[in-house]
Amino acid sequence: MSFFRIFTNSNKEKTRERSQSRNRSENLLGIQQWPYYRDLAIQSGHCTIPSELASLRHSRLNRSLYNLVYTPNDELNYFILYMESCSLSSYLKFILDVHAFENLARQNSSKHSEQQTAALTLFHRYLSIDAKYLISIDDDIRQTTLSLICPSSNSTTTDPDCFRMAREYAWNLIEQNAFPAYLASAYHVNYQLKMLTSNELQLHDILYNNSSSSYFMEFAEQEKIIDLVRFWLAIEHFYQSTINRMIDNQTLTENALNIYDQYISLQAPKRLGFDDAIRARIECSICQPDVDAGPSGDTFDQTAWIIYIILQREYFPRFLQSVIFCEHISDLMLKIRNEERALTSRPVKTVESDTASISSDNVVQSSVIPTATCTTTQSNRQRNPSVSSSCPSLNQELAIKSMGKYSMGYIDPLGRFIRDPDVESVDSASFTNRKTSSNPIQFLSNLVRNEQDELAMDEAAARFAETFINEITTMTANLDNH
């Protein structure tokens, strides 16, 4: 019995120790389960954390127009190709050249003659009436720019900001029309695919991109870390509110308290497990002596940096290997494929509408900037003016041509030529422009005017002409005999 009591007591002690260790592990809530959390908490107290977070608050998958044009990046080449496909590259080149001129003018402010020569070169290249890369601007802007380059007084030097009005004019056109169309084009999707499949991809590229972040949210739900991502989004929204001053200080305080009550406090329903020191620092930042001051923009910077490092280390590599990320890549590739498919199956306009669009002075003055696919379709229609709105695809057009190629018509008992209705689809433009004539040779020459390089068509036309003339001659002889 004594041995049994000793064994029972030892088992109770082991059970008690396991229960205590379980309670200690339960006390390490959320993020404190990671062994490096203590180091992160210490490092997050450094004064350099706000600047580090500022460098992460962007995505290379959706740059702003300013960052795309004025900061070094490899996406600018894709944007230049898109602008060239829309015949708008001169506007972008003008902005880049003016930016280089302004930097050079500020660096070499003493060399006034060189500044004037460089400014005149840009003016004759882009703004003069006979410019090689003409930009359509108002005459007032053109005259003002020229007066700033060549002032009336000899003592006055060239203004370094002489192209400011013209540059703003070109910038507004690109920002309002071309840039939104580029973001929806296959050029931008190709760049996103290149970025997503490279080794340079970082977590902030995903979090600050709307389409990519939705896939990461789905992955976070599977990994049971959705509260970490939602907390990150909440404090980012709070930070943007403090920077842009979209709301008053009282509302900012209420939003900060809401985030604190949801994720940080000891009674939070979605408590993430920050330690007491971090929690006390946030409380002091929210509840300041001056009630009207409101919380500062860096109230949650320490927690934001800790959450970002944990997501980057633990979950981002898994996301890149997940099925959800593969679906993201597949959806982008499908988008490009649909663009190409729409290019070949999109109904095209008639010849009259194409002629009107081609004869316009400048495509930039239109309210809608054409995309790359529209430009390609338009160039195809210019090469083949016989395309009409009744032919939705190239394959159908070829099928219609092959149907009517060798069945052009027949002779009725009265000697009249009855045209086959299929022939109208062979070359509608040539039939429209053809004058009515009773000469069969002239009729055939007009019919095959656009296909003289096809030997088979010439031979078929010759055989038809010979048969046609023989039948007319025979019927005329029979009528004379009667």
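Preceding this section is the structure that the text describes.
So, how was this worked out
Residues numbered from 1 in each chain as written. Predicted model: local features only at pLDDT ≥ 70, side-chain atom pairs only at ≥ 80, totals over all residues. Heavy atoms only, no water. Helix = DSSP H or I, 4+ residues; strand = E, 2+ residues; numbered from the N terminus. Contact = heavy atoms within 4.5 Å. Areas by Shrake-Rupley, 256 points an atom, 1.4 Å probe, with all protein chains shown as cover. Bend = angle between axes of the 7 residues up to and from the residue. Buried < 20%, exposed > 50% of the residue type's maximum accessible area, 1.4 Å probe, protein only. Phe/Tyr/Trp six-rings, centres within 6.5 Å; stacked < 30°, edge-to-face > 60°. Lys NZ or Arg CZ within 6 Å of the ring centre and 35° of its normal. Arc of directions from axis to C-beta. Polar contact = N/O pair within 3.5 Å; in protein donor to acceptor, adjacent residues only side chain to side chain. Axes fitted to C-alpha atoms, helices over the stretch in contact; angles between N-to-C directions. Parallel < 35°, antiparallel > 145°, perpendicular 65-115°, else oblique. Left-handed = near helix turned anticlockwise from the far one by under 90°. Nonpolar A, V, L, I, M, F, W, Y, C, P; charged D, E, K, R; others polar.

K.L.:
Can you help me understand the overall build of the protein in this one?
P.N.:
Within the protein one finds 23 helices and 2 strands. Considering only contacts in the protein between residues 6 or more positions apart, those separated by 24 or more positions represent 68%. Accessible surface for the protein amounts to roughly 27900 Å². Of this, 53% is attributable to carbon and sulfur atoms.

K.L.:
Where do I start with helix α9 (residues 164–183) in this structure?
P.N.:
Residues spaced three or four apart along an α-helix face the same direction, because each turn holds 3.6 residues. The largest bend in α9 is about 40 degrees, located at Glu175. Among the residues making up α9, those that are buried are Ala166, Arg167, Ala170, Trp171, Leu173, Ile174, Asn177, Ala178, Phe179, Ala181 and Tyr182. Where the residues of α9 are buried, they touch α4 (65–70), α5 (76–85), α6 (89–107), α7 (112–127), α8 (139–149) and α10 (186–196).

K.L.:
Would you take a moment to explain the packing of aromatic side chains for this structure?
P.N.:
Taken as a whole and judged by the stated rule, the model has 23 aromatic pairs. Look at Phe94 and Phe163: their rings are 6.1 Å apart centre to centre, the planes differ by 80 degrees, and that puts the pair in the edge-to-face class. Residue Phe94 is found in helix α6, and its partner Phe163 is found in the loop between α8 and α9; the two are separated by 69 residues along the sequence. A relative accessible area of 0% places Phe94 in the buried class. Taken together, the aromatic side chains of Phe79, Tyr82, Phe179, Tyr182 and Tyr187 make up a single cluster linked through ring pairs. Seen from the ring of Tyr239, Arg57 lies directly overhead, with NZ or CZ sitting 3.6 Å from the centre.

K.L.:
It is not clear to me how α8 should be interpreted in this structure. Could you clarify?
P.N.:
Among the residues making up α8, those that are buried are Ile141, Arg142, Thr145 and Ile149. The arc enclosing the buried residues of α8, seen along the axis, measures out at 100 degrees, which places them on a common side. Counted as exposed and oriented over 90 degrees from the buried face of α8: Asp139, Asp140 and Gln143. The secondary structure elements touched by the buried residues of α8 are α7 and α9.

K.L.:
Sorry if this is basic, but what is going on with the environment of Tyr169 here?
P.N.:
Mapped onto the elements, Tyr169 comes out in helix α9. According to the relative accessible area criterion, Tyr169 is partly exposed, its value standing at 25%. Taking the C-alpha atoms as reference, Tyr169 lies 9.3 Å from Asp138; in sequence the two are 31 residues apart. Not counting residues up to four positions away in its chain, the partners in contact with Tyr169 are Ser136, Ile137 and Ile141.

K.L.:
What is the right way to read the side chain of Thr158 from this model?
P.N.:
Within the secondary structure, Thr158 is located in the loop between α8 and α9. For Thr158, the side chain forms a polar contact with the main-chain oxygen of Ile149, separated by 3.0 Å. Residues in contact with Thr158, not counting those within four places in the same chain, are Gln115, Gln116, Ala119, Leu148 and Ile149.

K.L.:
I tried to follow the packing of helix α13 (residues 226–244) against helix α16 (residues 301–320) on my own but got confused; where do I start?
P.N.:
Each pair of packed helices gets described by two things: the angle between the helix axes and the distance between those axes. It is at 10 Å that the axes of α13 and α16 come closest, and there the two elements cross at 140 degrees. Taken as axis vectors, α13 and α16 run oblique relative to one another. As α13 packs across α16, the resulting crossing turns out to be left-handed. From α13, Leu228, Phe231, Trp232 and Ile235 reach across to α16, where they touch Thr303, Ala304, Ile307, Tyr308 and Leu311. For the contact of α13 with α16, the residue count by class is 8 nonpolar, 1 polar and no charged.

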